[in-house]
Amino acid sequence: MNEQLQALVALQDLDTMIREAKDPARVGHEERLGFALDGVEKLVHTRERLAKRIDERVLQIYERMSRRCTRVVVPLEGKVCMGCFMGLHTSASNRSPDPTSLES
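Caption draft 1: Spotlight on the pattern of salt bridges. By the definition in use, this model includes three salt bridges. Between Arg-47 and Asp-15 there is a salt bridge, with its nearest N and O atoms 2.3 Å apart. Placement of the pair is Arg-47 in helix 3 (residues 40-51) and Asp-15 in helix 1 (residues 3-22), with a sequence separation of 32 residues. The two residues Arg-47 and Asp-15 agree in class, both being buried. Here Glu-63 makes a salt bridge to Arg-47, at a shortest N to O gap of 2.7 Å. Of this pair, Glu-63 sits in helix 4 (residues 56-66) while Arg-47 is found in helix 3, placing the two residues 16 residues apart along the sequence. Of the residues examined, Glu-63 reaches a relative accessible area of 24% and is grouped as partly exposed. The structure contains a network of salt bridges with shared partners spanning Asp-15, Arg-47 and Glu-63.

Have a look at this one:
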């Protein structure tokens, strides 16, 4: 897996943690279980540092897609997207998995 893709996966994980830590219902549930969800600022700071390592064009595509989808970076199993479970078009199967080759 290349560095850009690894960074995108980590960014998506951070976005999920930040979203969950800011969800009032989830915070209340976690606190009732005895867990404190503090440190959101540290997560946001880490996300900002990580985002600077990602190619600007790729980051823009990720940001745009993340406004519509919870999971932007998902694996392919065979020729099926594990995010939406749609089949991959045959012309796309010969493409490089390099995220810098994403089209907008």
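Caption draft 2: Examining unusual backbone geometry more closely. With a phi close to 65 degrees, Phe-85 is a non-glycine residue in the positive phi region. Inspection of the secondary structure puts Phe-85 in the segment after strand 2 (80-81). According to the relative accessible area criterion, Phe-85 is exposed, its value standing at 59%.

Caption draft 3: Quick look at the confidence of the model for the chain. For the chain, per-residue confidence averages 83 on the pLDDT scale, and 86% of positions sit at 70 or higher. Ignoring residues within four places in sequence, the model shows residues 99-104, a span with pLDDT below 50, making 17 contacts including any to other chains.

Each value, and the rule that gives it
Residues numbered from 1 in each chain as written. Predicted model: local features only at pLDDT ≥ 70, side-chain atom pairs only at ≥ 80, totals over all residues. Heavy atoms only, no water. Salt bridge = Lys/Arg side-chain N within 4 Å of Asp/Glu carboxyl O. Helix = DSSP H or I, 4+ residues; strand = E, 2+ residues; numbered from the N terminus. Buried < 20%, exposed > 50% of the residue type's maximum accessible area, 1.4 Å probe, protein only. pLDDT = per-residue confidence, 0-100. Contact = heavy atoms within 4.5 Å.

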